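The chain contents come next:
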Amino acid sequence: MANADTPFGFKWIGNLNGSQFAGGTVKCNIPATDGTATFVNDAVKIAGSADADGVMTVNQATAGAAVYGVVTSVHMETQDSLVYRAASTNRYVYVKPVMEGDLFEVQEDSVGGALAATSVGLNADIIVAAGSTTTGLSAMELDSSTAATTETLDLHIHSVVVRPDNAIGTNAKLIDTFNNRQTANQVAGV
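No experiment lies behind these values; they were computed from the predicted model shown. (Residues numbered from 1 in each chain as written. Predicted model: local features only at pLDDT ≥ 70, side-chain atom pairs only at ≥ 80, totals over all residues. Heavy atoms only, no water.)

Enquirer: Let's hear about the sheet that holds strand 10 (residues 155-160): which residues, and what values?
Expert: With antiparallel pairing, the six strands of this open sheet are ordered in space as 1-7-11-10-8-9. Sheet topology places strand 1 (11-15) and strand 9 (141-148) at the edges, where each strand pairs with a single neighbour. Averaged over neighbouring strand pairs, the angle between their axes works out to 45 degrees when direction is ignored. Pairing of strand 7 (residues 102-107) with strand 11 (residues 173-178), which is carried by four bridges, proceeds in the antiparallel orientation. By the bridge assignment, Phe-104 is partnered in strand 11 with Asp-176. (Pairing = 2+ DSSP bridges. Helix = DSSP H or I, 4+ residues; strand = E, 2+ residues; numbered from the N terminus. Axes fitted to C-alpha atoms, helices over the stretch in contact; angles between N-to-C directions.)

Enquirer: Can you break down the environment of Ala-52 residue by residue, with the values?
Expert: Within the secondary structure layout, Ala-52 lies in the loop between strand 3 (43-50) and strand 4 (56-60). You can call Ala-52 exposed: its relative accessible area is 85%. Taking the C-alpha atoms as reference points, Ala-52 and Thr-133, separated by 81 residues in sequence, lie 28 Å from one another. (Buried < 20%, exposed > 50% of the residue type's maximum accessible area, 1.4 Å probe, protein only.)

Enquirer: Could you give an account of the nonpolar core, with specific residues and numbers?
Expert: One finds Phe-10, Ala-43, Phe-104, Leu-142 and Phe-178 to be the most contacted residues of the largest nonpolar core, which totals 20 residues. Elements with a contribution of two residues or more to this core: strand 7, strand 8 (123-127), strand 10 and strand 11. Per-element accounting of this core gives the leading share, three residues, to strand 10. Beyond its immediate stretch of four places on either side in the chain, Phe-10 contacts Asn-41, Ala-43, Val-70, Phe-104, Glu-105, Val-106, Ile-126, Met-140, Leu-155, Asp-176 and Phe-178. With 10 residues, the next largest nonpolar core counts Val-58, Val-71, Val-74 and Val-93 among its residues. (Core = buried A, V, L, I, M, F, W, Y, C linked by side-chain atoms within 4.5 Å. Contact = heavy atoms within 4.5 Å.)

Enquirer: Any details on the pairing of strand 11? Residues and values, ideally.
Expert: On a regular strand, each side chain points to the face opposite its neighbour's, so the side chains alternate between the two faces of the sheet. Burial of strand 11 is extensive: six of the six residues sit out of reach of the surface. Alternating positions in strand 11 separate into two faces, Lys-173, Ile-175 and Thr-177 on one and Leu-174, Asp-176 and Phe-178 on the other, with burial throughout. Bridge count for strand 10 against strand 11 is five bridges, and the pairing is antiparallel. Each residue of the ladder has a partner; that of Val-160, found in strand 11, is Leu-174.

Enquirer: I'd like a rundown of the pairing of strand 10, residues and numbers included.
Expert: In terms of strand pairing, strand 8 meets strand 10 through two bridges, oriented antiparallel. Residue pairing for strand 10: Ala-124 is matched across the bridge by Leu-155.

Enquirer: Requested: an account of the side chain of Arg-85, with residues and values cited.
Expert: When you line up the elements, Arg-85 lands in the loop between strand 5 (69-74) and strand 6 (91-97). The buried charged residue Arg-85 lacks any salt bridge partner; its closest oppositely charged side chain belongs to Asp-34, at an N-O distance of 4.0 Å. Reaching out from Arg-85, the side chain makes a polar contact with the backbone oxygen of Pro-31 at a distance of 2.8 Å. (Lys, Arg positive; Asp, Glu negative; His and termini not counted. Salt bridge = Lys/Arg side-chain N within 4 Å of Asp/Glu carboxyl O. Polar contact = N/O pair within 3.5 Å; in protein donor to acceptor, adjacent residues only side chain to side chain.)

Enquirer: Can you break down the pattern of salt bridges residue by residue, with the values?
Expert: Here the structure, examined in full by the defined rule, presents four salt bridges. Asp-102 is paired through a salt bridge with Lys-96; the nearest N and O atoms lie 2.6 Å apart. Across this residue pair, the class does not change: Asp-102 and Lys-96 are buried. Note that Arg-163 and Asp-165 form a salt bridge whose closest N and O atoms lie 2.6 Å from each other. Here the salt bridges share partners, and the residues they tie into one network are Lys-11, Glu-105, Arg-163 and Asp-165.

So, in structure tokens, the structure goes:
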């Protein structure tokens, strides 16, 4: 059975230390000057400033950029608010800071070929794509064509998700950690 092509960004699933939730979320601001829409499960980086209330600003991470965390939700300003942060709007988002050992599920893009079982232990970059304005979910994926031992790549591949709706091959869902974090040293791939 073929894997469904359903990118969803980075879904936090646990920590290597066995904890079910390692830490809470941080309220962050994405200012109206940021022209990129941001979605739930998008990786974000610290923008280097704060809003008028002192709330740290973040923006969507790009391939190769160190990641601060992953958006878990968008603050609902009103009942009819969008489920994502539209481009060029001032919105608060809640971010799960990426801690050492945090495990995330992500789909590989399979462009140039799907990853093989021997890719476990390698590192790879992320692919940034516009998320769904219907579901509010990210479309970020693991860039399968970048899998290598290079320590500066964004992600470290731990395993393939083991469940009936997933198999090694095109659009496989993988378990990874962020190798390139704004709050930690980088780790070489094996």
